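# Per-entry structural report
Residues per chain, in single letters:
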Amino acid sequence: SGDNGAGGKQETLGVQYANKVQPTVEINGETYTVQLDIVDNQSSTDKGPSAAQQLVSDGVSVVLGSYGSSVAMAGGPVFDEAGLAANGKVPAIGVTCTNPQVTEGNDYYYRICFLDPFQGTVLANFAFGDLQAKKAYCLSKQGDDYSAGVCNYFKQAFEALGGTVVEEAFPDGNSDFTSYVTNAKSQGCDVFFAPVSIEAAANIIKQAQTQGLDIPMLASDTWDSNVVAEAAKGTGLNIYVTTFYQEGGNPEFDEGIKNYINSNADAKTANGGDDTIAAVTAMGYNAYYVALEALKAAGSPKSSDVQQALWDVEYDGVSGHIAFDDTNGDAIRDTAYIKVCDTAAGAWTLEKSQTA
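What counts and what doesn't
- Residue positions within a chain follow its written sequence, with the count starting from 1.
- Local features in this predicted model are restricted to residues whose pLDDT is 70 or higher, and side-chain atom pairs enter the listing and the counts only when it is 80 or higher, whereas totals over whole chains, interfaces and linings include all residues.
- Side-chain figures throughout are based on the complete set of non-hydrogen atoms in the structure, without hydrogens or water.
- Both cavities and pockets are sets of points on a 1 Å grid over the protein atoms alone; in a cavity a 1.4 Å probe fits but cannot get out, in a pocket the set is open with protein on both sides within 12 Å along at least five of seven lines, and lining residues sit with an atom within 4 Å of a point.
- Grid points are joined across faces, edges and corners, and a volume is the space filled by probe spheres set on the points.
- Helix and strand assignments follow DSSP, with helices taken as H or I runs no shorter than four residues and strands as E runs no shorter than two, numbered in order from the N terminus.
- Only Asp, Glu, Lys and Arg are considered charged, only Ala, Val, Leu, Ile, Met, Phe, Trp, Tyr, Cys and Pro nonpolar, and every remaining residue, Gly among them, polar.
- Here a polar contact is recorded for every N or O atom pair within 3.5 Å, except that within protein the pair must consist of a potential hydrogen donor and a potential acceptor, and residues adjacent in sequence are included only if both atoms are side-chain atoms.
- Expected helix span is taken as 1.5 Å per residue step, with the number of steps being one fewer than the number of residues.
- Only protein chains enter the area calculation, which uses a 1.4 Å probe; residues under 20% of their type maximum are buried, those over 50% are exposed, and those in between are partly exposed.
- Throughout, a residue-residue contact means that at least one pair of heavy atoms, one from each residue, lies within 4.5 Å.
- Among buried residues, those of type Ala, Val, Leu, Ile, Met, Phe, Trp, Tyr and Cys that are joined through side-chain atoms within 4.5 Å constitute a nonpolar core.

In this section: the layout of surface pockets. Of the voids in this model, the largest pocket is the one considered here, and its volume is about 1,200 Å³. Lining the largest pocket are 49 residues, and of these D37, I38, V39, L55 and L64 lie nearest its centre. At the level of elements, helix 1 (5-21), strand 1 (24-27), strand 2 (30-33), helix 2 (48-57), strand 3 (63-64), helix 3 (69-81) and helix 11 (279-298) are the ones that each hand at least two residues to the lining of the largest pocket. When grouped by side-chain class, the residues that make up the lining of the largest pocket number 27 nonpolar, 17 polar and five charged. Taken as a whole, the second largest pocket spans an internal volume of roughly 550 Å³. If you trace the second largest pocket, you find 31 residues lining it, with D3, N4, S43, K141 and D144 closest to the centre. Elements represented by at least two residues in the lining of the second largest pocket include exactly helix 3 and helix 7 (198-210). Across the lining of the second largest pocket, the residue classes tally to nine nonpolar, 16 polar and six charged.

Next comes the structure, spelled out in structure tokens:
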């Protein structure tokens, strides 16, 4: 729930579907039933540690998530501190939390998605090269490591290309973005970049339309949601996002998850009311199978054994091959998908795939 609730539900949906497809795992010749223990951190850094502690107290073997880098960082140390207990450290697999600090300098957090330095550079290259932008407006949320981080990486790359950047940040709880849109226009910016939450995105889009914003809008993976596409429907705005997966990339997965969503009212509600496949859903599906591979490799459901086994786990997921680097346990990724919003239909379509 909370600001990032829509994305969190869609990421979890991928895990739930994977669990339905493969509800058991064989460890050392014994078949185990995989139980999902879903805890809501309410998209809040204040709630992150208590949500993480709940999972540790429940004795989980491995954690998937959290959706949202800031909350992942807030809860992460709890998984490390669990090392003082009988079962040892609890490993976490970041599904779509892209800030480098999630995994940096620790041995308990891994991740299967690309990182923000890469994502920010891809967006800067696209803005400067494909959109011919020379001046970019960057909007982040105060106190939010994720949006501030992506804006920073975008700025570094965009300025290195020869562009200039105007930066602003809005306070927590803000819902009126009129002044920020107006400022981007008055400053003569060529693109409007706002890597913020789904909830904020919907408000920004509506107010950008009202203010007659006629420059392309850019965002990162958080905007890749049918909720955002629906908010953009009929606006005529030009919106691009970077993301992890494009529908059509794996027809077998696409068919299966759509059937699951359409046959399950709760799943359809969690997916925003239709069967559009969010990239975070595909990544949740991938993360579940990576966790199964780690359990099998560990030869034990004990969390500390799984934590050690994860370093060497590899898996061919629906979004490509997954393997972890030797430094921080980050996924080795070199490609992002750029989608454009078809505002007539209220849907995302693939613009291009791009490397940094």
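Attention now moves to the side chain of N106. You can see N106 is positioned in the loop between strand 4 (92-94) and strand 5 (109-111). A polar contact of 3.1 Å, which involves the side chain of N106, links it to the backbone oxygen of V102.

Next up on the list: helix 5 (residues 145-160). With 16 residues, helix 5 should reach 22 Å at 1.5 Å per residue; the first-to-last C-alpha distance of 22 Å fits that figure. Looking at helix 5, one finds that the buried residues are Y146, S147, G149, V150, C151, F154, A157 and F158. Structurally, helix 5 contributes buried residues whose contacts are with helix 3, helix 4 (116-130), strand 6 (135-141), strand 7 (164-170), strand 8 (191-193) and strand 9 (217-219). Positive backbone phi, approximately 115 degrees, marks G162, located one or two places after helix 5.

For the rest of this paragraph, the subject is the nonpolar core. Formed by 99 residues in total, the largest nonpolar core has its most connected members in F154, F192 and W223. Take this core: its biggest share by element is 13 residues, from helix 11. For F192, the contacting residues outside a window of four places in its chain are Y137, L139, Y180, V181, A184, I204, L213, I215, P216, M217 and L218. By size, the runner-up hydrophobic cluster in this structure holds 16 residues, among which are A52, M73, A82 and Y108.

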